[in-house]
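Residue-level structure breakdown
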Amino acid sequence: MKILVLNAGSSSVKYQLFNMANNAVLASGMIEQIGEKESMAKIKYKDADDVEHKREQKCAIPDHDEALKWMSQALIHSGVIKDLNDLDGIGHRVVQGGASFQEPAMVNEYVMSEIERLIPLGPLHNPGHLAGMRVAVHQSPNVPQVAIFDTAFHSTLPKYAYMYAIPYKYYDDLRIRRYGFHGTSHRYIVKEAAKYLKQDVNTLNAITLHLGNGASVAAIENGKSVDTSMGLTPLEGLIMGTRSGDIDPAILFYLARKRGLTLDDLDKMLNKESGLKGICGSNDMREITQMAEEGDEKAQLARDMFNYRLKKYIGSYSAVLGRVDCIVFTGGIGENDSGVRLKSCENLENFGIKIDPLLNEMRSSDILQISAPDSKVKVLVIPTNEELEIAMETMEMIEKHH
Ligand code: ADP
């Protein structure tokens, strides 16, 4: 079975083609700067002898229609598919599924109209997803297509965890509540953790930490998400590359009154100019570590703040769960930054959490267990693979509907 995974944004399309017989990536690539004077289109694929090839082209790609045509031609020329009907399914990543989608959905007119209706709750992502989806349906009408939502995994949050303590009418009228994001990644790593620990995922209690440019924590009870740090939007929770995470909302009123900042200014400030970047000028953890090692105090402060916020969430989700079987680190920072792992779990022995400093320094492209042998809570590092998870969920949906 060949499944194509599409992640369409407003000006980019990322794609990966999987052979589901062995989960191998047959081809992958992206088209960026769609609609600009010069776009960049790329493909990477393996030929029948497993030799890798790469191709890049700079050209004007005005819209998603042309972007997907470029991708299809590139896939066909590379020989990984004969034509579009050679695809058994297409899985579309969708960030905001609101309360409408608690699981993957077969793409049809109704589903697309719901994704459109949810644009106010996902203004940065849903329009791009929808543009890609409409074009893919038009260009490949015979290929079954599935929408996979970042929010769906968190649809099991209890109401007392997803409600905000603001007047109830805003939930009734506008559906203002916590939705949570990165669900595909949290689901993937919790399943991988269960496999590794040889435990039924439906009995596993875990705290999963997805630490990339965006970052979120989830509390998983018996394999189901019961709380998560991102909220109505991906702005809440942990300190991120350029997002503040949790702050006192009154800071916004104060800034508006003192500095005359508008709603758009505040939106930009919290989403694009805050987080690690707001503190030390860089949003790249590798660079920040380097700066800190060279004595930059703000870079050190940014790391300390990042780790401290993380530790507070580990503590509070330990309380939420009562029993924690494992903590899982993933994402660019979680998978690579041993200092963040060590600091965020420091002095948590009373919570049953103890990292072995030597194991923590080991490197592996596979799963790594970094907890000390006497740590009650297993601490794991698991590389995430959201594209593979989307492909697997797409395949399951298609098989269910056949
Ligand atoms: P995205 O959310 O965009 O998918 P990633 O999961 O790739 O992001 O994570 C990006 C973050 O991971 C950046 O802050 C980057 O500096 C950090 N990162 C990547 N590799 C390393 C590394 N070897 N050590 C420390 N941080 C790393």
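This is a predicted model, so every value here is computed, not measured.

1. Focus: the packing of helix H7 (residues 250-259) against helix H8 (residues 263-272)
Their axes nearest at 11 Å, the elements H7 and H8 cross at an angle of 130°. Here H7 lies oblique to H8, going by the angle between them. Relative to H8, the crossing made by H7 is right-handed. Facing H7, whose interface residues are Leu252, Leu255 and Ala256, H8 presents Leu266, Met269 and Leu270.

2. Regarding the state of the cysteines
A covalent bond between the sulfur atoms of two cysteines is what we call a disulfide. Taken as a whole and judged by the stated rule, the model has 0 disulfides. Sulfur of Cys326: no disulfide; nearest cysteine sulfur belongs to Cys345 and is 12 Å away.

3. Quick look at unusual backbone geometry
For residues other than glycine, phi is negative in most cases, and the peptide bonds are mostly trans. The phi torsion at Asp50 lies on the positive side, around 70°, for a residue other than glycine. Note on placement: Asp50 falls in the loop between strand E4 (39-46) and strand E5 (52-59). Within the chain, His182 stands out as a residue other than glycine whose phi angle is a positive 55°. As for its placement among the helices and strands, His182 is situated in the loop between helix H5 (169-174) and helix H6 (183-197).

4. Details of the packing of aromatic side chains
Applying the stated criterion across every chain yields a total of 4 aromatic pairs. On the numbers, 5.6 Å between centres and 75° between planes, the contact of Tyr168 with Tyr171 is edge-to-face. Residue Tyr168 is classed as partly exposed on the basis of its relative accessible area, which comes to 43%. Judged by its relative accessible area of 10%, Tyr171 is buried. Grouped by ring-pair contacts, the aromatic residues Tyr162, Tyr168 and Tyr171 constitute a single cluster.

5. Re the UniProt feature "site: Transition state stabilizer" (unreviewed entry) in the protein
Here the UniProt feature "site: Transition state stabilizer" (unreviewed entry) sits at His182 and Arg243. For His182, a relative accessible area of 10% gives the class buried. Those residues in contact with His182 that sit more than four places away from it in its chain are Asp150, His154, His210, Gly214, Ala215, Ser216 and Met230. Along the chain, Arg243 turns up in the loop between strand E11 (224-228) and H7. In contact with Arg243, not counting residues within four places along its chain, are Gly214, Met230, Pro234, Leu235, Leu238, Leu270, Asn271, Ser274 and Gly275.

6. Some points on the site of the ligand
Around the ligand sit Gly212, Asn213, Gly214, Asn283, Asp284, Met285, Arg286, Gly331, Gly332, Ile333, Asn336 and Asp337, and those are all the residues in its vicinity. Within the contact set of the ligand, an oxygen atom lies 3.0 Å away from a backbone nitrogen or oxygen of Asn213. Contacts to the ligand include Asp284, whose side-chain N or O atom sits 2.5 Å from an oxygen atom. Relative to its unbound accessible area of 580 Å², the ligand is 68% covered by the protein chains. Counting only elements with at least two residues in the shell around the ligand, the list comes to helix H10 (285-293) and helix H12 (331-336). In terms of residue count, the dominant contributor to the shell around the ligand is H12 (4 residues). Of the residues assigned to the shell around the ligand, the class counts are 2 nonpolar, 7 polar and 3 charged.

7. A closer look at the nonpolar core
Note that soluble globular proteins tend to have their nonpolar side chains buried in a common cluster. Among the nonpolar cores identified, the biggest contains 41 residues, and Ile207, Leu209, Leu211, Phe306, Leu310 and Ile327 are the most heavily contacted of them. Only strand E9 (206-211), strand E10 (215-221), helix H9 (275-280), H10, helix H11 (297-321), strand E12 (326-330) and strand E14 (378-381) provide two or more residues apiece to this core. Considering every element that reaches this core, the biggest residue donor is H11, with 8 residues. Each residue touching Leu211, except ones within four places of it in the same chain, is listed here: Leu238, Phe306, Leu310, Phe329, Thr330, Gly331, Gly332, Ile333, Gly334 and Val340. The next biggest cluster of nonpolar side chains, apart from the first, holds 29 residues, and it includes Ala27, Cys59, Ile81 and Val143.

Conventions we followed
Residues numbered from 1 in each chain as written. Predicted model: local features only at pLDDT ≥ 70, side-chain atom pairs only at ≥ 80, totals over all residues. Heavy atoms only, no water. Axes fitted to C-alpha atoms, helices over the stretch in contact; angles between N-to-C directions. Helix = DSSP H or I, 4+ residues; strand = E, 2+ residues; numbered from the N terminus. Parallel < 35°, antiparallel > 145°, perpendicular 65-115°, else oblique. Left-handed = near helix turned anticlockwise from the far one by under 90°. Contact = heavy atoms within 4.5 Å. Disulfide = S-S within 2.5 Å. Phe/Tyr/Trp six-rings, centres within 6.5 Å; stacked < 30°, edge-to-face > 60°. Buried < 20%, exposed > 50% of the residue type's maximum accessible area, 1.4 Å probe, protein only. UniProt positions renumbered as here; feature names shortened; annotations may be inferred. Near = heavy atom within 4 Å. Polar contact = N/O pair within 3.5 Å; in protein donor to acceptor, adjacent residues only side chain to side chain. Areas by Shrake-Rupley, 256 points an atom, 1.4 Å probe, with all protein chains shown as cover. Nonpolar A, V, L, I, M, F, W, Y, C, P; charged D, E, K, R; others polar. Core = buried A, V, L, I, M, F, W, Y, C linked by side-chain atoms within 4.5 Å.

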